[in-house]
Amino acid sequence: MERICSIIEDETQKSGKLLCASNHSNLVELIMTKTIIKAYKFRLQTSKAVEAKLENTLNLCRELYNSALRERKDAWTINRINVNRFDQDKQLPEIKKTNPEYKDIHSQVLQDVLKRLDKSFQSFFRRVKQSVKAGFPRFKGKNWFDSFCYAQSGFSLSGSHLTLSKIGKVKIKLSRSVIGKIKTCTIKKEIDKWFVIFTVETLPEPLDKTGESVGLDVGISAFATLSDGTQIDNFKYYESTQKKLRIAQRRVSRRKKGSNQRRKAVLQLKKIHRKIRNQRNDFQHKVSTYLVKTYDLIAIEKLNILGMSRGILSKQVNDAAWNSFFQKLRYKVENTGKKSIEVNPNGTSQICSSCSEIVKKDLSVRVHHCHHCNLTIDRDENAALNILRLGLSLKDVTYSVG
């Protein structure tokens, strides 16, 4: 409330008169609007000197992570002592004295490494309580620790240049403006390129209402079918690149382990996988943005994607990456003030969207034909219409995530 009162006083001084009670309430309502967290990712244009500093920071952070994990394991195994994050935070000044190379790393970067380890233990204990496969925190090899984070300070963004404490100034490919208050700055290495990820706290950006609603049925032959009959093609990026992947994987298997030729072959394989991932993400971003701009209400299926990915169509399901698409759709819906409703998918492809009669058909039957009302349409379009009907029926009892 102190923040609210200070803003009210500032507004009062600007206007030169006291704000009335209604204006106060409106201002408070505006300030208390739910903020959202967004992430902006940009490519870094690094020189060899800067890249060497980034690599050194990454390696030292990994060593600290592994040393802290070793301390926790030994303390419990030998003495039955539980070492927590704050106990290890207190040791950082002493670590810098005995290991001067850690003086070249910003203090909050080192603290974040210990915080990351603590999160791993918290997740481990939570899984133990839930009686699921726990997965004890592991030591990080060179290829399994690829980022470090400036949690609150130690960085500044000025135009297209990022200044990092203890590292220097780095140029960014700033493809769009960063809107909001930057909370954290994460430096990440992806294969042979460096990226910066800004976590930003900002307010939603509502879009104009269109008054349109749509049901969305995802599939394999078509990535998605809308209730208005529109079909979005499934480009099957992984499946279409399998020939290149097979060649690259065979090249890796022929190389001697530990040799430079094997490292080069592994690098080429990783680049192919990166291209597949980038193509898929670009496609999903474009589709989700189109849906959010076009429709006010989007009804989707609540699928058991994990179970589907273990079946006979596991490769096709993983290639489509529906879960990743739904995640993008949900946060864009939240950011724009639109609505997204999940419905039970059971029977949506069997029930006739026109007369509600049940028409049994196998998965191989791609056309819905109802003998009761003589409706003949595509199977997926019929399912999308049923999904929309269920979504509209739940509209009044489903909260607006915007």
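Preceding this paragraph is the structure being described.
Residues numbered from 1 in each chain as written. Predicted model: local features only at pLDDT ≥ 70, side-chain atom pairs only at ≥ 80, totals over all residues. Heavy atoms only, no water.

(A) Highlighting the overall build of the protein chain. The helix and strand tally for the protein chain stands at 13 helices and 14 strands. Its C-alpha atoms give the protein chain principal-axis dimensions of about 80 × 80 × 45 Å. Out of the 402 residues in the protein chain, the part that is buried amounts to 36%. Partitioning the contacts of the protein chain with sequence separation of at least 6, the portion at a separation of at least 24 is 66%. About 24000 Å² of surface is accessible on the protein chain, with carbon and sulfur atoms providing 51% of the total. Side-chain charges in the protein chain split into 75 positive and 40 negative, and the spacing between the mean points of these groups amounts to 10 Å. (Helix = DSSP H or I, 4+ residues; strand = E, 2+ residues; numbered from the N terminus. Buried < 20%, exposed > 50% of the residue type's maximum accessible area, 1.4 Å probe, protein only. Contact = heavy atoms within 4.5 Å. Areas by Shrake-Rupley, 256 points an atom, 1.4 Å probe, with all protein chains shown as cover. Lys, Arg positive; Asp, Glu negative; His and termini not counted. Charge placed at Lys NZ, Arg CZ, Asp CG, Glu CD.)

(B) The sheet that holds strand β7 (residues 193–202), seen in detail. Here seven strands make up an open sheet; going across it, the order is β2-β6-β7-β1-β5-β4-β3 and the pairing antiparallel. A single partner strand is all that each edge strand has here, and the edge strands are β2 (147–150) and β3 (155–158). Averaged over neighbouring strand pairs, the angle between their axes works out to 30° when direction is ignored. With four bridges connecting them, strand β4 (residues 161–164) and strand β5 (residues 168–173) associate as antiparallel partners. (Pairing = 2+ DSSP bridges. Axes fitted to C-alpha atoms, helices over the stretch in contact; angles between N-to-C directions.)

(C) Highlighting the packing of aromatic side chains. Tallying each qualifying case throughout the model produces 15 aromatic pairs. An aromatic cluster is defined as three or more aromatic residues linked by ring pairs; in this entry it consists of Phe223, Phe235, Tyr237, Phe283, Phe325 and Phe326. Here the basic side chain of Lys41 rests over the ring of Phe195, its NZ or CZ set 4.8 Å away from the ring centre. (Phe/Tyr/Trp six-rings, centres within 6.5 Å; stacked < 30°, edge-to-face > 60°. Lys NZ or Arg CZ within 6 Å of the ring centre and 35° of its normal.)

(D) Region of interest: the pairing of β3. Where β3 meets β4, four bridges bridge the pair, whose relative direction is antiparallel. Its bridge partner being in β4, Ser158 is matched across the sheet by His161. In this antiparallel pair of consecutive strands, β3 and β4, the connection spans two residues, and Gly159 shows a positive phi of 65°.

(E) Representation of unusual backbone geometry in the model. One non-glycine residue, Ala321, lies in the positive phi region at around 55°. At Ser356, a residue that is not glycine, the phi angle is positive and equals roughly 70°. Look at Ser356 and you get partly exposed, because its relative accessible area is 47%.

(F) Geometry of the environment of Leu54. Turning to its location among the elements, Leu54 is positioned in helix α3 (residues 48–79). Put simply, Leu54 and Ser147 are 93 residues apart on the chain and 9.6 Å apart in space, counted from C-alpha to C-alpha. What Leu54 contacts, discounting residues up to four positions off in sequence, is Thr46, Phe148, Leu164, Ile167, Ile187 and Trp194.

(G) The nonpolar core, seen in detail. Formed by 36 residues in total, the largest nonpolar core has its most connected members in Leu162, Leu164 and Ile187. Mapped by element, the contributors of at least two residues to this core are β1 (36–45), α3, α6 (107–129), β2, β4, β5, β6 (181–190) and β7. Element by element, the count of residues in this core is highest for α3, at nine residues. Ignoring anything within four residues of it in the chain, the contact list for Leu162 reads Leu44, Phe155, Ser156, Leu157, Gly168, Lys169, Val170, Ile172, Cys185, Ile187, Val196 and Phe198. Counting 30 residues, the second-largest nonpolar core is a separate cluster that includes Val218, Leu291, Val292 and Ala320. (Core = buried A, V, L, I, M, F, W, Y, C linked by side-chain atoms within 4.5 Å.)

(H) Quick peek at the pairing of β6. Where β2 meets β6, four bridges bridge the pair, whose relative direction is antiparallel. Counted as the bridge partner of Cys149 is Thr186 from β6. Note that β6 and β7 share nine bridges and pair antiparallel. Paired with Ile182 across the bridge in β7 is Val200. Here β6 folds back onto β7 in antiparallel fashion, the turn holding two residues, of which Ile191 has a positive phi close to 60°.

(I) Broad picture of the side chain of Asn234. Of note, Asn234 is situated in the loop between β10 (231–233) and α7 (237–240). A polar contact is formed between the side chain of Asn234 and the backbone oxygen of Ile220, at a distance of 2.8 Å. A polar side-chain atom of Asn234 sits 3.3 Å from the main-chain amide nitrogen of Lys236. In this view, Asn234 contacts Gly219, Ile220, Ser221, Ala222 and Phe223; residues no more than four positions away in its chain are not counted. (Polar contact = N/O pair within 3.5 Å; in protein donor to acceptor, adjacent residues only side chain to side chain.)

(J) Layout of empty space enclosed by the protein. Using the criterion set out here, one finds one cavity of 30 Å³ or more in the structure. Of the volumes computed, that of the largest cavity is approximately 60 Å³. Lining the largest cavity we find Phe223, Asn234, Phe235, Lys236, Tyr237, Arg280, Phe283, Gln284, Asp319 and Ala320. Here the lining of the largest cavity takes three residues from helix α9 (residues 260–294), the largest share from any one element. Residue composition of the lining of the largest cavity, grouped by class: five nonpolar, two polar and three charged. (1 Å grid on protein atoms, 1.4 Å probe; cavity = no way out; pocket = protein on both sides within 12 Å on 5 of 7 lines; lining within 4 Å. Points joined across faces, edges and corners; volume = space filled by probe spheres on them. Nonpolar A, V, L, I, M, F, W, Y, C, P; charged D, E, K, R; others polar.)

(K) Quick peek at helix α12 (residues 322–336). Under the 1.5 Å per step criterion, the end-to-end length of α12 is 21 Å for 15 residues, consistent within 8% with the ideal 21 Å. Taken together, the buried positions of α12 are occupied by Trp322, Phe325, Phe326, Lys328, Leu329, Lys332, Val333, Asn335 and Thr336. At the C-terminal side of α12, Gly337 shows a positive phi close to 80°. (Expected span 1.5 Å × (residues − 1).)

(L) Molecular detail of a positive patch on the surface. The grouping of Lys243, Arg246, Arg250, Arg251, Arg254 and Lys315 at the surface amounts to a positive patch. Overall, the relative accessible area of 31% leaves Arg251 in the partly exposed class. (Patch = residues over 30% accessible without salt bridge, like charges linked within 9 Å, V, L, I, M, F, W, Y side chains within 5 Å. Salt bridge = Lys/Arg side-chain N within 4 Å of Asp/Glu carboxyl O.)

Such coordinate-based values are descriptive only and should not be taken to indicate function.
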